[in-house]
Amino acid sequence: MASSFISLVQRVYRISHPPDTPPKNDAIRFGVLGAAAIAPDALITPARSHSEAVVYAVAARSLEKAQKFARKHGVEKAYGGPQAYQELLDDPNVDAVYNPLPNGLHYEWTMKALQAGKHVLLEKPSGNNVEETREMFELAGAKGLVLLEAFHYRFHPAIHSVQAILKSGEIGAIKHVEVSLRLPKGWFPENDIRFDFALGGGAMMDMGCYLINCARTLIGAEPLSVLSATLLNLIPTTDGSAPTVDGGLSATLSFPGDVTATVTANHREPPVLGIIPRMPTVLLVVECEGGELRMMNFVAPTLYHYIDVKKKGKSGKTRTEKVYKPAEAGVKGEEWWTTYRYQLEAFVDKLKGRTPATWISAEDSIANMTWIDNVYQAAGLPVRPRSTFELSRP
Ligand SMILES: NC(=O)C1=CN([C@@H]2O[C@H](COP(=O)(O)OP(=O)(O)OC[C@H]3O[C@@H](n4cnc5c(N)ncnc54)[C@H](OP(=O)(O)O)[C@@H]3O)[C@@H](O)[C@H]2O)C=CC1
Ligand SMILES: O=C1OC[C@@H](O)[C@H](O)[C@H]1O
């Protein structure tokens, strides 16, 4: 007990204070589009402990914001103003771009980045709809550039362990997957990008993308149909127009072999009994023919997680796994590596021509976006519109 508490404290400290590793001369130089809230966790801190990655530039719509961000995070170059994103893309010192813009801008700036010859680490969900996702991966393929949708949890050994347990047959074949992400109302401000339709908002876009991805990954097959889609709440509009942004949405999908998955994303969990604030919940339960697997916190497992495996029957004991480091020989990782640090390792490996331990293919991202669109249609909500941006091709 005491030792696991000490490990937790050590991990938490190391997550934000990784050992600084000086970048090698041939390190991948990243440029960040937008001084986004997620950029420090997703790229800047992970790059500090990677000798082949350096965050070289940031671009923000305001020069002051870009410079403040650059000073705070030790980023060499700051671009600011209305042309800043394009200026960053035109910088020959930038090898790869991290795109954490609002979902509705993923397409335009990824297409521009690829056109400028940059590899792209693209935030989830990849696009506003599957048409956008398909086009981005087509262009990356045509240009021979790397494009990765940042489903960071997929790179962590904890989810690999879940996959291995399910594949081992220990608790039999999967029957149903229940996966949910729920945040209390008020977690994000009302003007957050997540609640803006034009920017690709919606709970199924923002959090549901992980859930659909997780169900597809664990089941190891593509869904057949959306059996049901239930709106938990809609974000009210201010102009009297019909609401189109899901604050909370739950859907059940069918998979081959009578397998089902229920995904529930909610940005607006009400307080218990109307007054007691709720904690965020990230839950994964896999019901199998011979038992059940339950994982707490599959999205940010470095902080803390557990995987409970319970066999059916009276004698069925529960065993618990916690997997903070890769079990396989030769796979790199440390207890304090976040999902983002594992993801960066894979991205850099790919750019350097090495084989990453884990990868997310174009087909995977396209299928994920397809089912996000399908869930919206089943819920009677519009699919997020395709960007009006058109790439002028030479
Ligand atoms: N992988 C993960 O764990 C997470 C991923 N995400 C994803 O990252 C992306 C960004 O999320 P988050 O960092 O929380 O969001 P933020 O609102 O903090 O960042 C979005 C950035 O987009 C830029 N931007 C450009 N145009 C607009 C516009 N019209 N309105 C608002 N912002 C604009 C802003 O850049 P500027 O500085 O130029 O003003 C801003 O910094 C989303 O795709 C989200 O899904 C988010 C959180 C966690
Ligand atoms: O990890 C996450 O959890 C909270 C979400 O709103 C965020 O965008 C997502 O990436």
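Everything quoted here is computed from the prediction, not taken from an experiment.

1. As for the site of ligand 2
Okay, step 1: What surrounds ligand 2 is the set Lys124, Phe188, Arg194, Asp206, Met207, Tyr210, His267 and Val299.
Okay, step 2: The separation between an oxygen atom of ligand 2 and a polar side-chain atom of Lys124 is 2.8 Å.
Okay, step 3: Expressed as a share of its isolated accessible area of 270 Å², the protein-covered part of ligand 2 is 78%.
Okay, step 4: Residues that form the shell around ligand 2 fall into these classes: 4 nonpolar, 1 polar and 3 charged.

2. Points about the sheet that holds strand S5 (residues 119-122)
Okay, step 1: Spatial ordering of the open sheet is given by S3-S2-S1-S4-S5-S6, a layout of 6 strands whose pairing is parallel. Two strands lie at the open edges of the sheet, namely strand S3 (77-80) and strand S6 (147-149), each paired on one side alone. Each neighbouring strand pair of the sheet contributes to a mean axis angle of 20°, computed without reference to strand direction.
Okay, step 2: Pairing of strand S4 (residues 96-99) with S5 involves 4 bridges; the strand directions are parallel. Bridge pairing in S5 links Asn99 to Leu122.
Okay, step 3: Here helix H10 (residues 339-351) sits on the sheet and contacts strand S1 (28-33), strand S2 (53-60), S4, S5 and S6; the angle it forms with S5, its principal contact strand, is near 160°.

3. So, the UniProt feature "domain: GFO/IDH/MocA-like oxidoreductase" (unreviewed entry) in the protein chain
Okay, step 1: In the numbering used here, UniProt assigns the feature "domain: GFO/IDH/MocA-like oxidoreductase" (unreviewed entry) to residues 161-269.
Okay, step 2: The distance from the first to the last C-alpha atom of residues 161-269 is 30 Å, and the span holds 22% helix and 39% strand.

4. Some points on the site of ligand 1
Okay, step 1: Around ligand 1 there are 24 residues in total, and Ala35, Lys65, Tyr85, Asn103 and Tyr340 lie nearest to it.
Okay, step 2: Separating an oxygen atom of ligand 1 from a side-chain N or O atom of Lys65 is a distance of 2.8 Å.
Okay, step 3: In the model, an oxygen atom of ligand 1 is placed 2.8 Å from a nitrogen or oxygen of the Lys124 main chain.
Okay, step 4: Protein contacts shield 83% of the accessible area of ligand 1, which totals 890 Å² for the unbound molecule.
Okay, step 5: Here the shell around ligand 1 takes 3 residues from helix H5 (residues 103-115), the largest share from any one element.
Okay, step 6: Two domains each put at least three residues into the shell around ligand 1: domain 1 (10-152) and domain 2 (155-378).

5. Considerations on the sheet that holds strand S7 (residues 174-184)
Okay, step 1: Taken together, 8 strands build an open sheet; the order of strands is S8-S9-S10-S7-S11-S12-S13-S14 and the sheet is mixed. On the outer flanks of this sheet lie strand S8 (225-234) and strand S14 (318-321), each paired with one strand and no other. Taken over all neighbouring pairs, the strand axes of this sheet differ in orientation by 10° on average, direction set aside.
Okay, step 2: With 8 bridges joining them, strand S9 (residues 246-255) and strand S10 (residues 259-269) adopt antiparallel strand pairing. Following the sheet pairing, Gly248 is matched in S10 by Asn266.

6. With respect to the UniProt feature "domain: Gfo/Idh/MocA-like oxidoreductase N-terminal" (unreviewed entry) in the protein chain
Okay, step 1: In the UniProt entry, the feature "domain: Gfo/Idh/MocA-like oxidoreductase N-terminal" (unreviewed entry) is given for residues 28-148.
Okay, step 2: What you have in residues 28-148 is 45% helix and 23% strand, and the ends, taken at the C-alpha atoms, are 15 Å apart.

7. Looking at the nonpolar core
Okay, step 1: Leu284, Leu293 and Phe298 are the most contacted members of the largest nonpolar core, which totals 88 residues.
Okay, step 2: Top element by residues in this core is helix H9 (residues 208-219). It accounts for 8 residues.
Okay, step 3: Looking at which domains feed residues into this core, each of domain 1 (10-152) and domain 2 (155-378) supplies at least three.
Okay, step 4: The contact partners of Leu284, leaving out residues within four places of it in the chain, are Ile159, Val177, Glu178, Val179, Cys214, Leu218, Leu293, Arg294, Met295 and Phe298.
Okay, step 5: Listed in part, the 27 residues of the second largest apolar core include Leu88, Leu122, Leu139 and Ala140.

About the criteria used
Residues numbered from 1 in each chain as written. Chains lettered and ligands numbered in written order. Predicted model: local features only at pLDDT ≥ 70, side-chain atom pairs only at ≥ 80, totals over all residues. Heavy atoms only, no water. Near = heavy atom within 4 Å. Polar contact = N/O pair within 3.5 Å; in protein donor to acceptor, adjacent residues only side chain to side chain. Areas by Shrake-Rupley, 256 points an atom, 1.4 Å probe, with all protein chains shown as cover. Nonpolar A, V, L, I, M, F, W, Y, C, P; charged D, E, K, R; others polar. Pairing = 2+ DSSP bridges. Helix = DSSP H or I, 4+ residues; strand = E, 2+ residues; numbered from the N terminus. Axes fitted to C-alpha atoms, helices over the stretch in contact; angles between N-to-C directions. Contact = heavy atoms within 4.5 Å. UniProt positions renumbered as here; feature names shortened; annotations may be inferred. Domains from an automatic or database assignment. Core = buried A, V, L, I, M, F, W, Y, C linked by side-chain atoms within 4.5 Å. Buried < 20%, exposed > 50% of the residue type's maximum accessible area, 1.4 Å probe, protein only.

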